[in-house]
Amino acid sequence: MRILVIGSGGREHALCWKLNESPRVEKIFCAPGNGGTSAIATNVEIDLDRHEDVVTFCVDNKIDLAVVGPEAPLAVGMADHFERAGIPVFGPGFAGARLESSKVFAKEFMGRYDIPTATFRIFDDIAKAKEHIIEFGKPVVVKAYGLAAGKGVVVARDEEEALKAAEDMLVKKVFGAAGSMIVVEECLEGEEVSILVVTDGEKVIPLASSQDHKRVGEGDTGPNTGGMGAYSPAPVIDEDMMETIMGSIINPTIEGLRNDKIAYKGVLYAGLMMTKDGPKVLEYNVRFGDPETQAILPRMRSDLAELLYAAAKGDLSGIEVEWDDEDCVCVVLASGGYPGKYVPGKAITGIKEAEKEGAIVFHAGTRSENGMVVTSGGRVLDVVAKGKGIKKAIDGVYRAVSRIGFEGMHYRKDIAYRAAGRAR
């Protein structure tokens, strides 16, 4: 099997790494890839905005499966181009991708199919948005309706913060067109968890549970980021709760998509809040989570290529996924200034030393320069370690992290603290 993976982050490195384990895989291409994918795949420079060029590459290189990693290409219909060319693609088309690309579409979809979520209102007028925030009188969440690289959500703990968020999005356009409408919703209290499933549009195969850490600072403080770390499994999800989530959220979502005549083949990611009233949807994503994928895939015993190809072909019958019983923790190493402005081009040391500690190091924002690996993004490396029990996994990952360095490097030192607290 010849596979093209679209993307350049840690998620795509993890996908290439796991696909490379499959005896069914002959060759992997990654477009554009990064400094880590180049060791296990052929990085290719293609203008991803020119979908016809990507399809031509697939035809010329006899690609058997295209795997679209990031949300942006899915949001503009890249998967539809693959489908029309007869190339099996893992990832939904434009219509299904709206679950992530439009928070307005997603919230209305949840309301239509009685999928539990926060109460919400949608605004494109700043005066009406501010009036609602003041009248609501409780903590709210303000969301840009479109894609904002994981940063378009402000959990406002007071009225002043909520009003500023609405102003930033609707008036100052800090997220550009993605903030031309906003969703203002009640602030749900509880513990967040990520549930990812693979579907062919009919059958659903759950992946291992995980929990990520979106805030930049310890104790879940500071602004949201694309993710500062993750771990799997999430102990807040037991078998009974998983059954509840499948019955009240995942299956109704897949059935709703079918009812709306939306063909959906790929990953459905539900970001949930475990409230006192049960699980409620915070958001949908239509692709593998980042960095959740980096914590999930190392626990997968099954053949990822077989799973993704079966979903892309529309037939998951007979496919089962097995997991090992070790815990896995991923810590993101970020550039100085992230999630704000940062300066790329910083030399990275210690990756091989970290790997000698037994860790896996996935590259997220790196490139090769004069024989060295240097930073090229906000989230630079994902350091991953497994262990029998969450404490051993945490100890292992931070031991590996201590071997790595680059100017301005910062990371959270409390990844998986909830699981560790439960273990104690």
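A brief report on the enclosed structure follows. (Residues numbered from 1 in each chain as written. Predicted model: local features only at pLDDT ≥ 70, side-chain atom pairs only at ≥ 80, totals over all residues. Heavy atoms only, no water.)

## Digging into the nonpolar core
Residues Leu4, Phe82, Leu99, Ile250, Leu272 and Tyr284 are the most contacted members of the largest nonpolar core, which totals 49 residues. Element by element, the count of residues in this core is highest for helix α9 (residues 239-259), at seven residues. If we skip the residues at most four places from it in the chain, Leu99 touches Phe105, Ala106, Phe109, Thr253, Leu257, Tyr264, Leu268, Tyr284 and Val286. Residues Leu15, Leu196, Ile296 and Ala312 belong to the second largest nonpolar core, which totals 41 residues. (Core = buried A, V, L, I, M, F, W, Y, C linked by side-chain atoms within 4.5 Å. Buried < 20%, exposed > 50% of the residue type's maximum accessible area, 1.4 Å probe, protein only. Helix = DSSP H or I, 4+ residues; strand = E, 2+ residues; numbered from the N terminus. Contact = heavy atoms within 4.5 Å.)

## Digging into the sheet that holds strand β3 (residues 42-43)
Sheet architecture is open: five strands sit in the order β3-β2-β1-β4-β5, paired in parallel fashion. Of all the strands in the sheet, the pair left with one neighbour each is β3 and β5 (89-90). Pairing of strand β1 (residues 2-7) with strand β2 (residues 27-32), which is carried by six bridges, proceeds in the parallel orientation. Considered in β2, the bridge of Arg2 is made with Lys27. Strands in contact with helix α1 (residues 10-19) are β1, β2 and β4 (65-68); relative to β1, the strand with the most contacts, it is inclined by about 165°. (Pairing = 2+ DSSP bridges. Axes fitted to C-alpha atoms, helices over the stretch in contact; angles between N-to-C directions.)

## Quick notes on the packing of α1 against helix α11 (residues 304-312)
Each pair of packed helices can be summarised by the angle the axes make with each other and by the distance between the axes. Here α1 crosses α11 at 105°, and the two axes come no closer than 8 Å. In terms of axis orientation, α1 runs roughly perpendicular to α11. Between α1 and α11, the residues in contact are Leu15, Lys18 and Leu19 and Leu304, Ala305 and Leu308, respectively. When its residues are assigned to classes, the contact of α1 with α11 shows five nonpolar, no polar and one charged. (Parallel < 35°, antiparallel > 145°, perpendicular 65-115°, else oblique. Nonpolar A, V, L, I, M, F, W, Y, C, P; charged D, E, K, R; others polar.)

## Some points on the pairing of strand β7 (residues 140-144)
Moving residue by residue along a regular strand, the side chains alternate between the two faces of the sheet. Buried residues dominate β7, accounting for five of its five residues. Taking every second residue as pointing to the same face, both faces of β7 are buried, with Val140, Val142 and Ala144 on one and Val141 and Lys143 on the other. Examined bridge by bridge, β7 and strand β8 (residues 153-156) share four bridges and lie antiparallel to one another. Each bridged residue has a counterpart across the sheet, and for Lys143 the counterpart in β8 is Val153. Relative to strand β9 (residues 182-186), β7 runs antiparallel, the two being bridged by five bridges. Residue pairing across strands places Val141 opposite Glu185, the latter belonging to β9.

## Details of the pairing of strand β16 (residues 266-275)
The buried fraction of β16 amounts to 10 of the 10 residues, a majority that puts the element mostly inside the structure. Strand direction decides the pairing type here: strand β10 (residues 191-199) and β16, joined by nine bridges, are antiparallel. Residue pairing for β16: Val193 is matched across the bridge by Leu272. Bridge analysis of β16 against strand β17 (residues 278-285) gives seven bridges, and the strand direction is antiparallel. Residue pairing across strands places Met273 opposite Lys280, the latter belonging to β17.

## Some remarks on the environment of Met78
For Met78, the position within the fold is in helix α4 (residues 78-84). C-alpha of Met78 to C-alpha of Arg50: the two residues are 28 residues apart in sequence and 9.2 Å apart in space. With sequence-adjacent residues up to four places away left out, Met78 is seen in contact with Ile6, Leu48, His51, Val54, Val68 and Pro73.

## Overview of the side chain of Thr199
One can find Thr199 in strand β10. For Thr199, a relative accessible area of 0% puts it in the buried group. Of the polar contacts made by the side chain of Thr199, one reaches the backbone nitrogen of Gly201; its length is 2.9 Å. Of note is the side chain of Thr199, whose polar atom sits 2.9 Å from the backbone oxygen of Lys203. The contacts of Thr199, once residues within four sequence positions are left out, are Val204, Ile254, Tyr264, Lys265, Gly266, Ala311 and Leu316. (Polar contact = N/O pair within 3.5 Å; in protein donor to acceptor, adjacent residues only side chain to side chain.)

## Quick look at the pattern of salt bridges
Under the definition given, this model contains 33 salt bridges. Between Asp260 and Arg112 there is a salt bridge; the shortest N-O distance is 2.8 Å. Remark: Arg112 occurs in helix α6 (residues 103-112) and Asp260 occurs in the loop between α9 and β16; sequence separation between them is 148 residues. Between Glu167 and Lys130 there is a salt bridge, and its shortest N-O distance comes to 2.7 Å. Residue Glu167 is found in helix α8 (residues 159-170), and its partner Lys130 is found in helix α7 (residues 126-136); the two are separated by 37 residues along the sequence. The class of Glu167 is partly exposed, set by a relative accessible area of 24%. Shared partners join several salt bridges into a network, and the residues in it are Asp220, Arg412, Asp414 and Arg418. (Salt bridge = Lys/Arg side-chain N within 4 Å of Asp/Glu carboxyl O.)

## Regarding helix α13 (residues 390-401)
If you check α13, its first and last C-alpha atoms are 16 Å apart, about what 12 residues at 1.5 Å a residue would give, namely 16 Å. Of all the positions in α13, only Ile390, Ala393, Ile394, Gly396, Val397, Tyr398, Ala400 and Val401 are classed as buried. Looking at the buried side of α13, the elements it contacts are β15 (229-232), β18 (327-334), α12 (351-356), β22 (379-387) and α14 (417-423). (Expected span 1.5 Å × (residues − 1).)

## Some words on the sheet that holds strand β19 (residues 360-363)
Sheet strands pair via backbone hydrogen bonds, and the direction of the pair is either parallel or antiparallel. Strand order in the open sheet made by the five strands is β12-β15-β18-β22-β19, with antiparallel pairing throughout. Each edge of the open sheet is held by one strand with a lone partner, namely β12 (211-212) and β19. Taken together, the two bridges between β12 and β15 define a ladder with antiparallel strand orientation. Note on β15: the bridge partner recorded for Asp212 is Ala230.

## Description of the state of the cysteines
Tallied over the entire structure, the rule returns zero disulfides. Unpaired in this structure, Cys330 has its nearest cysteine sulfur neighbour in Cys328, at a distance of 7.6 Å. (Disulfide = S-S within 2.5 Å.)

## Topic: helix α5 (residues 94-101)
Taken together, the buried positions of α5 are occupied by Gly96, Ala97, Leu99, Glu100 and Ser101. Residues of α5 that are buried in the fold lie against α3 (71-75), α6, α9, β16 and β17.

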